[in-house]
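# Understanding the architecture of this molecule
The chain contents come next:
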Amino acid sequence: MKNVFEFAKACLHDAAIDEKLALTHQARHAMDNGELSLVPEQAPTPIALVKFPDKPVLLTPRDMPKRKLGSVEGIAAFFHAIAHVEFVAIYLAWDMLYRFRGMPEQFYQDWLRIADEEASHFELIRTHLAAMAVNYGDLPAHGGLWDHARDTAGDLLARLAMVPRCMEARGLDVTPAIIAKFRHLGDDASVALLNHILTEEVGHVERGSYWFKFVCAQQGLEPEAKYRQLIEQYYLGGKPKGPFNREMRIIAGFSNAELDWLENTTL
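Scoring rules and cut-offs
Residues numbered from 1 in each chain as written. Predicted model: local features only at pLDDT ≥ 70, side-chain atom pairs only at ≥ 80, totals over all residues. Heavy atoms only, no water. Helix = DSSP H or I, 4+ residues; strand = E, 2+ residues; numbered from the N terminus. Buried < 20%, exposed > 50% of the residue type's maximum accessible area, 1.4 Å probe, protein only. Contact = heavy atoms within 4.5 Å. Core = buried A, V, L, I, M, F, W, Y, C linked by side-chain atoms within 4.5 Å. Phe/Tyr/Trp six-rings, centres within 6.5 Å; stacked < 30°, edge-to-face > 60°. Lys NZ or Arg CZ within 6 Å of the ring centre and 35° of its normal. Expected span 1.5 Å × (residues − 1). Arc of directions from axis to C-beta. Polar contact = N/O pair within 3.5 Å; in protein donor to acceptor, adjacent residues only side chain to side chain.

### A few points about the environment of glutamate 200
Turning to its location among the elements, glutamate 200 is positioned in helix H7 (residues 188–219). On the accessibility criterion, glutamate 200 (22% relative accessible area) is partly exposed. Linking glutamate 200 and phenylalanine 122, residues 78 residues apart in sequence, is a C-alpha distance of 13 Å. In this view, glutamate 200 contacts Glu117 and His121; residues no more than four positions away in its chain are not counted.

Written as structure tokens, this is what we have:
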């Protein structure tokens, strides 16, 4: 394959995990070597055709087992949950690239790089799980992550608001405290792994912010007002609850006004 959209279609429509990881890395290598066309040859297929593996079994958040980090089983369950987030994030990056056409080449380069980094995150966590005698798919997983992609399949601004600038941004809020817990437990391997992922996730959210503002400028929209409108429209409950990591979110392209609105519980 020499076209980025062919790679995207293959990764989204084939549920096989190892093939998806290999194709993602192959596409990044081809892009970095100037061997990849960024010109679409066919229109995107419906998002309903995207395929996921049979495992893990997907549950609603309220049906997920509650486990604490103080036990081996709890740590394994935590990293299995993170593995699932990173696995779905591969799909989210590929679908961003695949579904929304007519953007500058840098848009497609950015989301391919992000897909590749998410694939690397998943591989690192899968190796970490293997040391605990757990494979991805052995435990149930949160079933709602892909719903945001389905809900926003026809609206690029909504996708950018809800995925990188809402769901992924939550990782910037909660991960530092989790890292602190693993540091307290003396689990240096987990600390190093989560720090590595967090550093790259800041960049992923920043790309979401950049392209959100870019499309708003194209359409003559005020980005802060549009962000508020889209979150209120698509986020169940009106908007996410804090606390919010202002420092990391500012680095990732959020404005102080956006953060003030998120933190204001009366709005």
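This is not the end of the story, as more comes after the structure.
### Some points on the nonpolar core
One recurring pattern in soluble globular proteins: nonpolar side chains tend to sit buried together. Counting residues in hydrophobic clusters, the biggest one holds 83 residues, and the most contacted among them are Phe79, Trp94, Leu97, Trp111 and Phe182. Examining the composition of this core, we find that 15 residues originate from one element, helix H3 (residues 72–99), more than from any other.

### A few points about the packing of aromatic side chains
Enumeration over the complete set of coordinates arrives at 19 aromatic pairs. Summarising the aromatic geometry, the rings of phenylalanine 52 and tryptophan 146 are spaced 5.3 Å apart at their centres and angled 70° between planes, so their arrangement reads as edge-to-face. Of this pair, phenylalanine 52 sits in the loop between helix H2 (17–32) and strand E1 (58–59) while tryptophan 146 sits in the loop between strand E2 (141–142) and helix H5 (147–151), placing them 94 residues apart in sequence. Aromatic rings pair up to connect Phe5, Phe107, Tyr108, Trp111, Tyr210, Trp211 and Phe214 into one cluster. One cation-aromatic arrangement involves arginine 101 over tyrosine 98; the distance from NZ or CZ to the ring centre is 5.2 Å. Taking NZ or CZ as reference, arginine 165 lies 4.7 Å from the ring centre of tyrosine 227, over its face.

### Some remarks on helix H8 (residues 223–234)
Between the first and last C-alpha of H8 there are 16 Å, a value that for 12 residues agrees with the 16 Å anticipated at 1.5 Å per step. The complete set of buried residues in H8 reads Tyr227, Leu230 and Ile231. Around the axis of H8, the buried residues are gathered within 100° of arc, so they sit on the same side. Of the surrounding elements, those touching the buried residues of H8 are helix H6 (156–184), H7 and helix H10 (256–263). Residue glutamate 222 occupies the N-cap position of H8, its side-chain oxygen lying 3.2 Å from the main-chain nitrogen of glutamate 224.

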